[in-house]
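Per-entry structural report
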Amino acid sequence: MKKPILVSACLLGQACRYDGKSKPNEAVLALMEKYELIPVCPEALGGLSIPRLPSEIRRGAVVSENGADVTEFFVTGAMEALKIAKKHGCETAVLKARSPSCGSGEIYDGSFSGELTEGDGITASLLKKNGITVYTEDEITVF
Ligand code: SF4
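Below or above, wherever it landed, is the structure these notes cover. (Residues numbered from 1 in each chain as written. Predicted model: local features only at pLDDT ≥ 70, side-chain atom pairs only at ≥ 80, totals over all residues. Heavy atoms only, no water.)

**Describing helix α4 (residues 122-129)**
As a reminder, the rule being used: Think of it in three bands: with a 1.4 Å probe and only protein chains considered, a residue is buried below 20% of the maximum accessible area for its type, exposed above 50%, and partly exposed in between. Note on conventions: DSSP H or I runs of at least 4 residues are helices, E runs of at least 2 residues are strands, and numbering of each starts at the N terminus.
If you check which residues of α4 are buried, you get Ile 122, Thr 123, Ala 124, Ser 125 and Leu 127. Downstream of α4 by a residue or two, Gly 131 has a phi angle that is positive, lying close to 85°.

**With respect to the layout of surface pockets**
Applied cut-off: The definitions used throughout rest on a 1 Å grid laid over the protein atoms alone, on which a cavity is an enclosed set of points accommodating a 1.4 Å probe that cannot get out and a pocket is an open set flanked by protein within 12 Å on both sides along at least five of seven lines; lining residues are those having an atom within 4 Å of a point. Grid points are joined across faces, edges and corners, and a volume is the space filled by probe spheres set on the points. All residues other than Ala, Val, Leu, Ile, Met, Phe, Trp, Tyr, Cys, Pro, Asp, Glu, Lys and Arg, Gly among them, are scored as polar; the first ten of these are nonpolar and the last four charged.
Space inside the largest pocket adds up to approximately 450 Å³. Along its surface, the largest pocket is lined by 27 residues, and Arg 17, Tyr 18, Glu 43, Ser 99 and Pro 100 are the ones closest to its centre. Of all the elements in the fold, those that place two or more residues in the lining of the largest pocket are α2 (42-45) and β3 (55-58). A breakdown of the residues in the lining of the largest pocket according to their chemical character gives 15 nonpolar, four polar and eight charged.

Below, the structure is given as C-alpha cells:
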C-alpha cells in the first residue's frame, strides 16, 4: 500500500486558489507514483468561496485585503484538514509555500505588499502541532 501524503489541492491542479486558479507543480504531481496523495484546500474546507479576496496573517489574526477578520474560516479549514490527515493516516504533508493557510516557515507579513516574514500558515501550524511533518513544494527533493 502506498504511504499517504496530505497535499495542498492547488498544487495538484485544483482551481481552488483565491484568484480562482490552480498552481500545479510537476514535482508534487510526480509524487503520485510512489505515494497516495490526499488533496485538501483548507480555505475551501473552511467555507470560503472560490474566488475570494486574498488574505494574510497579521498579529495572529487572518485578515482579508479589505480588512475583514476571516480567522474563523481559516481555523475551521485547518481543523478539517487535520481530520482528513488523521483519517488517512498521513504523517507527512506537502503544502503550498507562503500561503496564510498552507505556508510553512515563511508567510506573507500581513501588509499585502509581497513582503515575507517567518511563520506558518494556520493549517501548517496545526498539522505540525499534531506531529505531522510539513514540507513546501520547494522542499520535496528530500523525498
Ligand atoms: Fe492552495 Fe492551501 Fe490556498 Fe487552498 S488554502 S488554495 S490548498 S494554498
